[in-house]
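Residues per chain, in single letters:
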Amino acid sequence: MLPQIINTYEMFLKLERVSVMDAVKVYEEYFNKKYNVICNLIDNILSRNKKIAAWGAGARGKAFLSTFDARNEKIYCVFDIDEKRWNTKLPTGHVIMKYEEQPIDYIFVMNSINEVDVKELLLENGIDSEVINLDNIILGDLELENLLYKQKKELCKVREVKVAAVCILYNPGNEVIENIMSYVKNVEILYVYDNSEKQNKILIEELKKIENVIYITSGMNDGIAKAINITGKMAIKAGMDWLVTFDQDSYAEKRMLEQMKKYANSSLCSNDIGIIAPSCSYNTREIHGNYSMYYSYFDKVMQSGAMNNLSILETTGGYDENLFIDQVDYEYCVRIRLFGYKIIKINNALLKHNVNDENVEIKNIDGCKIYVNKYSGIRYYYIYRNNRYLARKYQDKDDIYFLECEKNLCNIVKNLEYDNDIEIKRRAIEIAERDYKNLIMGRCLHDL
């Protein structure tokens with residue numbers, strides 16, 4: 001049955017997808033928004049006899065090179081994690097190389113998410129190249145002077161914001177208390193929204209001992225979006241300005257919320273800031289972040305640790321409850337940006353996010369990350385159905401997010417080829433396709 005799923009998806013591509021060539025054009029248009037600034041930045045770096053590399057040989061990388069170095073005169077090389085691409089040339093003549101083998105002063109990454117991945121790789125390999133995030137320049141509408149001179153960290157306090165938080169639970173163990181205690185004292189109110197069908201009575205008793213905790217449950221799994229929307233409305237009624245959302249497996253490092261509130265209280269935080277997010281570390285890995293800058297502009301951030309401007313949450317209609325889980329946070333980020341709002345990450349505000357990936361095998365196949373034993377059947381369902389829904393929702397609204405949703409669909413179908421329990425997960429995609437076509441959204445009602 002797998003070929004039938006792939007054929008169904010290929011039919012979708014023919015009907016709804018723009019070509020790879022069009023994808024390059026989409027990114028060229030995006031980079032051209034700050035064409036002069038990026039050109040001047042490249043020339044400034046080269047005038048100091050420094051070497052520049054681009055990270056990524058995909059559509060974004062090709063668009064960057066064709067826009068800023070079509071004659072192969074400025075960008076020394078291109079880095080890519082796909083071994084099959086090493087020592088080959090792109091249409092512009094740039095050679096794709098292994099990043100560990102070339103001393104480079106500046107690495108231009110094509111988007112915010114790549115900044116995190118590249119920083120991690122450089123840290124692990126002791127490489128001190130400076131990473132420049134093109135999203136930061138474009139989304140922040142930065143000028144050359146913003147990039148050449150470090151941001152001032154001395155903030156002028158102009159207000160005193162009130163901050164609430166919500167921790168969303170699903171079948172938690174008692175150890176979640178430790179995570180909650182890492183941030184509960186730094187917020188006015190902590191809503192604990194329990195999505196478990198069977199509540200942990202011992203945990204509830206422990207939560208009652210914490211003075212500013214409000215425990216909420218409907219006795220069923222309401223999903224992430226609904227939990228945030230309900231507690232967001234409660235926080236607004238309580239006179240709060242911001243709502244920080246936490247997964248049960250997230251731990252706020254020392255001074256995380258202090259740093260985020262410090263920015264929210266300052267003159268730098270304009271009325272168009274929709275989300276203030278922390279930098280993240282995963283399990284025992286080092287903290288990521290561009291520490292040469294106090295904050296960076298991002299296109300999308302994960303919801304755990306994100307501090308939501310409640311006025312903007314209300315104005316934009318909150319999180320999309322059609323999604324339940326998967327892409328809930330990214331969709332909201334895209335939507336508030338379409339409303340004209342911005343998202344920033346405070347680079348020295350640190351969140352530790354624990355991910356249970358002990359038994360997960362990661363493979364790089366044709367430039368695509370394949371995860372073996374990571375996603376259950378139900379996750380395959382939500383990933384596939386939600387990205388189908390979002391690709392259609394944003395097809396004429398946000399070309400880049402549309403392309404990303406399509407890539408997610410390609411990746412999850414490809415992932416199935418290498419994963420375990422293929423029949424269960426194939427059936428999940430089959431049901432997801434059917435539900436999408438029948439406009440069945442929200443919580444999955446199937447036994448997967």
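Residues numbered from 1 in each chain as written. Predicted model: local features only at pLDDT ≥ 70, side-chain atom pairs only at ≥ 80, totals over all residues. Heavy atoms only, no water.

### Looking at the pattern of salt bridges
By the definition in use, this model includes 23 salt bridges. Here Lys74 makes a salt bridge to Asp43, at a shortest N to O gap of 3.2 Å. Pair noted here: Lys74 is in the loop between helix H4 (59–68) and strand S2 (77–79) and Asp43 is in helix H3 (residues 35–47), with a separation of 31 residues, a long-range link. The class of Lys74 is partly exposed, set by a relative accessible area of 28%. Under the relative-accessibility criterion, Asp43 is labelled partly exposed at 35%. The closest approach of N and O atoms between Asp80 and Arg85, which form a salt bridge, is 3.0 Å. Salt bridges sharing common partners tie together Arg60, Asp299, Lys300 and Glu404. (Salt bridge = Lys/Arg side-chain N within 4 Å of Asp/Glu carboxyl O. Helix = DSSP H or I, 4+ residues; strand = E, 2+ residues; numbered from the N terminus. Buried < 20%, exposed > 50% of the residue type's maximum accessible area, 1.4 Å probe, protein only.)

### With respect to the confidence of the model for the chain
Summarising the model, the chain shows a mean pLDDT of 89, and 90% of its residues fall at 70 or more. With pLDDT under 50 throughout, residues 14–21 is counted as low confidence; its partners more than four residues away or in other chains account for 12 contacts. (pLDDT = per-residue confidence, 0-100. Contact = heavy atoms within 4.5 Å.)

### Side note on helix H15 (residues 399–418)
With 20 residues, H15 ought to run about 28 Å at 1.5 Å a step, and its terminal C-alpha atoms sit 30 Å apart, in line with that. Turning to H15, its buried residues are Ile400, Tyr401, Phe402, Leu403, Glu404, Cys405, Glu406, Leu409, Ile412, Val413, Asn415 and Leu416. N-capping of H15 is provided by Asp398, with a side-chain oxygen placed 3.2 Å from the backbone N of Ile400. (Expected span 1.5 Å × (residues − 1). Polar contact = N/O pair within 3.5 Å; in protein donor to acceptor, adjacent residues only side chain to side chain.)

### A short note on the packing of aromatic side chains
For the coordinates displayed, the defined rule picks out 18 aromatic pairs. Between Phe31 and Phe64 the ring centres are 6.2 Å apart and the planes differ by 80 degrees, which places this aromatic pair in the edge-to-face class. Remark: Phe64 occurs in helix H4 and Phe31 occurs in helix H2 (residues 20–31); sequence separation between them is 33 residues. We classify Phe31 as buried; its relative accessible area is 0%. With a centroid separation of 6.1 Å and an interplanar angle of 80 degrees, the aromatic rings of Tyr294 and Tyr295 are classed as edge-to-face. Owing to a relative accessible area of 4%, Tyr294 belongs among the buried residues under this scheme. Aromatic ring contacts, followed pair by pair, group Tyr30, Phe31, Tyr35, Phe64, Phe68 and Phe108 into a single cluster. Lying over the aromatic face of Tyr76, Lys51 brings its terminal NZ or CZ to 4.2 Å of the ring centre. When the ring centre of Tyr371 is taken as origin, the NZ or CZ atom of Lys374, which lies over that ring, is 5.5 Å away. (Phe/Tyr/Trp six-rings, centres within 6.5 Å; stacked < 30°, edge-to-face > 60°. Lys NZ or Arg CZ within 6 Å of the ring centre and 35° of its normal.)

### Considerations on the pairing of strand S8 (residues 213–217)
Along any regular strand, the residues point their side chains to alternate faces of the sheet. Bridge analysis of strand S7 (residues 189–194) against S8 gives five bridges, and the strand direction is parallel. Counted as the bridge partner of Tyr191 is Ile214 from S8. Chirality of the crossover, the property in question, places the unit of S7, helix H9 (residues 201–208) and S8 among those that are right-handed. (Pairing = 2+ DSSP bridges. Right-handed = clockwise from strand over helix to strand, strands pointing away.)

### A short note on the packing of helix H14 (residues 377–393) against helix H16 (residues 422–437)
Look at H14 against H16: their axes get within 8 Å of each other, and the N-to-C directions meet at 30 degrees. In this structure, H14 crosses over H16, and the sense of that crossing is right-handed. Two secondary-structure elements touch here, H14 through Gly377, Tyr380, Tyr381, Tyr384, Arg385, Arg388, Tyr389 and Arg392 and H16 through Lys425, Ala428, Ile429, Ile431, Ala432, Glu433, Asp435, Tyr436 and Lys437. Classifying every residue of the contact of H14 with H16 gives nine nonpolar, one polar and seven charged. (Axes fitted to C-alpha atoms, helices over the stretch in contact; angles between N-to-C directions. Left-handed = near helix turned anticlockwise from the far one by under 90°. Nonpolar A, V, L, I, M, F, W, Y, C, P; charged D, E, K, R; others polar.)

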